[in-house]
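# Survey of secondary and tertiary structure
Below are the chains, spelled out letter by letter.
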Amino acid sequence: MIRLSTWFYNLTILVVVIAASVAVSTVVLRDDDGGGIGVNLGLDLQGGSYLLLEVDMDSVVQERMDNLGETIRISMRNSRIGISNLSVNSDRLSFQLRDELQFIEARDILNGLIAPEMRVTISENTLSVAFDESGLSQLTTMTVGQAIEIVRARVDETGTKEPVIQRQGNNRILLQLPGVDDPEQVKSLLGKTAKLGFQLVDISASAESVKASGRVPPGSELLPSRDNPDEHYLLNKRVMVSGQMLEDARPSFDGQTNEAVVSFTLNSTGAERFGRVTGQNIGRPFAIVLDNEVISAPVIRSQIFANGQISGGFSVDETNELSLLLRSGALPAPLLVVEERSVGPGLGSDSVRAGQVASIVGLAGVALFMISSYGMIGCLAVIAVFINMLLLYGQLSILGATLTLPGIAGSLLTIGMAVDAKIMIC
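Residues numbered from 1 in each chain as written. Predicted model: local features only at pLDDT ≥ 70, side-chain atom pairs only at ≥ 80, totals over all residues. Heavy atoms only, no water.

The number of helices and strands found in the chain is 12 helices and 19 strands. With 426 residues in all, the chain has 38% of them scored as buried. Relative to all contacts within the chain whose residues are 6 or more apart in sequence, the contacts with residues 24 or more apart total 67%. With the model as given, the accessible surface of the chain reaches about 23300 Å², and the carbon-plus-sulfur share is 55%. (Helix = DSSP H or I, 4+ residues; strand = E, 2+ residues; numbered from the N terminus. Buried < 20%, exposed > 50% of the residue type's maximum accessible area, 1.4 Å probe, protein only. Contact = heavy atoms within 4.5 Å. Areas by Shrake-Rupley, 256 points an atom, 1.4 Å probe, with all protein chains shown as cover.)

We now examine the packing of aromatic side chains. Inspection of every chain in the model, using the stated rule, returns five aromatic pairs. For the pair phenylalanine 198 and phenylalanine 264, a centre-to-centre distance of 5.6 Å together with 45° between the ring planes defines the contact as tilted. Of the two residues, phenylalanine 198 sits in strand S9 (residues 196-200) while phenylalanine 264 sits in strand S14 (residues 260-266), which places them 66 residues apart along the sequence. Classification of phenylalanine 198 by relative accessible area gives buried; the value is 2%. Overall, the relative accessible area of 3% leaves phenylalanine 264 in the buried class. Ring centres of phenylalanine 264 and phenylalanine 274 lie 6.3 Å apart, and the angle between their planes is 85°; this geometry places the pair in the edge-to-face category. Of this pair, phenylalanine 264 sits in strand S14 while phenylalanine 274 is found in helix H8 (residues 268-280), placing the two residues 10 residues apart along the sequence. Across the pair, exposure class does not vary: phenylalanine 264 and phenylalanine 274 are buried alike. (Phe/Tyr/Trp six-rings, centres within 6.5 Å; stacked < 30°, edge-to-face > 60°.)

The strand order S12-S9-S15-S16 describes an open sheet built from four strands, whose pairing is antiparallel. Two strands close off the open sheet at either side, each with one partner strand: strand S12 (241-242) and strand S16 (293-296). When S9 meets strand S15 (residues 286-290), the two strands line up antiparallel, connected through five bridges. Residue pairing for S15: leucine 196 is matched across the bridge by leucine 290. The strands that H8 touches are S9, S12 and S15; relative to S15, the one it contacts most, it runs at about 140°. (Pairing = 2+ DSSP bridges. Axes fitted to C-alpha atoms, helices over the stretch in contact; angles between N-to-C directions.)

A separate point is helix H3 (residues 57-78). Here H3 spans 32 Å end to end across 22 residues, near enough to the 32 Å set by a 1.5 Å rise per residue. Three or more residues of H3 are buried, namely Met57, Val60, Val61, Met65, Leu68, Gly69, Glu70, Ile72, Ser75 and Met76. The positive-phi residue at the C-terminal boundary of H3 is arginine 80, with phi of around 60°. (Expected span 1.5 Å × (residues − 1).)

Tallied over the full model, the rule gives 10 salt bridges. The residue glutamate 70 makes a salt bridge to arginine 73 at a minimum N-O spacing of 3.9 Å. Of this pair, glutamate 70 and arginine 73 both sit in helix H3, three residues apart, which is roughly one turn of the helix. When its relative accessible area of 27% is taken as the criterion, arginine 73 is described as partly exposed. A salt bridge links glutamate 318 to arginine 226; the shortest N-O distance between them is 3.4 Å. Highlighted residues: glutamate 318 in helix H9 (residues 316-328) and arginine 226 in the loop between strand S10 (220-224) and strand S11 (232-236), separated in sequence by 92 residues. Owing to a relative accessible area of 34%, glutamate 318 belongs among the partly exposed residues under this scheme. For arginine 226, a relative accessible area of 27% puts it in the partly exposed group. (Salt bridge = Lys/Arg side-chain N within 4 Å of Asp/Glu carboxyl O.)

Taken as a whole, the largest pocket spans an internal volume of roughly 1600 Å³. The wall of the largest pocket is formed by 48 residues, among which Glu63, Asn67, Lys195, Val239 and Gln244 lie closest to the centre. The element best represented in the lining of the largest pocket is H3, accounting for nine residues. Grouping the constituent residues of the lining of the largest pocket by class yields 20 nonpolar, 15 polar and 13 charged. (1 Å grid on protein atoms, 1.4 Å probe; cavity = no way out; pocket = protein on both sides within 12 Å on 5 of 7 lines; lining within 4 Å. Points joined across faces, edges and corners; volume = space filled by probe spheres on them. Nonpolar A, V, L, I, M, F, W, Y, C, P; charged D, E, K, R; others polar.)

A few words now on unusual backbone geometry. Not every positive phi belongs to a glycine, and asparagine 85 is a case in point at roughly 55°. Tracing the chain through its elements places asparagine 85 in strand S3 (residues 83-89). The backbone phi angle of aspartate 291 is positive, close to 55°, even though this residue is not glycine. Topologically, aspartate 291 is positioned in the loop between S15 and S16. We classify aspartate 291 as partly exposed; its relative accessible area is 27%.

Below, the discussion takes up the confidence of the model for the chain. Detail in the predicted coordinates should be disregarded across regions flagged by low pLDDT. In the predicted model, the chain carries a mean pLDDT of 80, and the fraction of residues at 70 or more is 85%. Low pLDDT, under 50, characterises residues 28-37; the stretch is placed with 20 contacts to residues that sit more than four places away or in other chains. (pLDDT = per-residue confidence, 0-100.)

On to the sheet that holds strand S5 (residues 118-123). Taken in spatial order, the four strands of this open sheet run S3-S4-S6-S5, and their pairing is antiparallel. With partners counted over all chains shown, the strands left at the sheet margins are S3 and S5, one partner each. Here the strands of the sheet are splayed against their neighbours by 15° on average, with no regard to which way each runs.

The next subject is the packing of H3 against helix H4 (residues 103-113). Where H3 meets H4, the axes come as close as 11 Å, and the angle between the chain directions of the two elements is 140°. Put simply, H3 runs oblique to H4. With respect to the hand of their crossing, H3 and H4 are arranged in right-handed fashion. Facing Leu68, Thr71, Ile72, Ser75 and Met76 of H3, the residues of H4 in contact are Ala106, Ile109, Leu110 and Leu113. For the contact of H3 with H4, the residue count by class is seven nonpolar, two polar and no charged. (Parallel < 35°, antiparallel > 145°, perpendicular 65-115°, else oblique. Left-handed = near helix turned anticlockwise from the far one by under 90°.)

Taken as a whole, helix H6 (residues 183-190) has its buried residues at Pro183, Val186, Leu189 and Leu190. Projected down its long axis, H6 carries its buried residues within an arc of 120°, all on one side. (Arc of directions from axis to C-beta.)

Here's what the structure looks like:
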């Protein structure tokens, strides 16, 4: 007979007591929504929302090309190289040189501006830039990875327990939210890219005249107002300070007007650039742009550094949502809802109840059979199986694991498999 030391017995008893305490406290302190201090219920048991999202890569490529086009325009102008017919068509950018003698210089400048995943093609005096196949695949992988992290940050801010967020296929994201019965709120939260930028207003022409003529000056863009879509602003395309330089954003109230606003803090790089831009442009309108809509365009009265406010007739709920979006970061691309399903909690509660009954009946049946067949050895085996279930549930509680239908099935299988092992040991 194998003899074990006293400390081993004491350690075993201590582990069993701790597991039993955790298991009992989890059951007693369980929340009404299916959560608790330990084991959480998955989507198939608790009910919730299922969303399949697709990353809009076309908009990412378009934005990259638009930004590159503006950079090329400025760089060529600074180098006194004349270009014409600069255009961005889908995933390709092209322009022509006015002087073929400047071809080598222009090509060298272009090669220094493009990303490694882009390729330059040449046809007579026309230069074109496009993503190659491997580069586009690399861009897609990076963009989807960034989107997943930002989606996770936004969902975590809402307090959702044990969400499932994972990549599916090439450019899709699977999102399962147990206990969330209002998918519209989640869709609204994820449907906003929350891309924030501060841009100078172009005072060389009025927005009304540009809108009437339909001819936007090079290096500028016409964006609508958030409060009045019929009102537009003519802005310089260059983003002077971007939302990526944001360190924090919190809802608050303006001390003078008592208006609901979002107070933000910039990091050191953003504060230095914000201070330089505002110091050099006192008296000029400075637009706050969110998702290609102008929130407001206040006139710069003095130099501003790290701290500021975003105001625009927001409600309290809107400032809470906007500050959450800005804190979690801007999505690298819009997310399109491809599939949406809501799982009712009725099936989940029925499954939990049936699983509990099956576990109790199964354990009782196994116990009666083992005791009647093996006597004292069977009784010891039943006690060992009961302790095994306590340890399993206690471990799941400590880890904060999520219980699903396959998990319940695995627990029932554990009862049957464990009995054989206990009999062999005894």
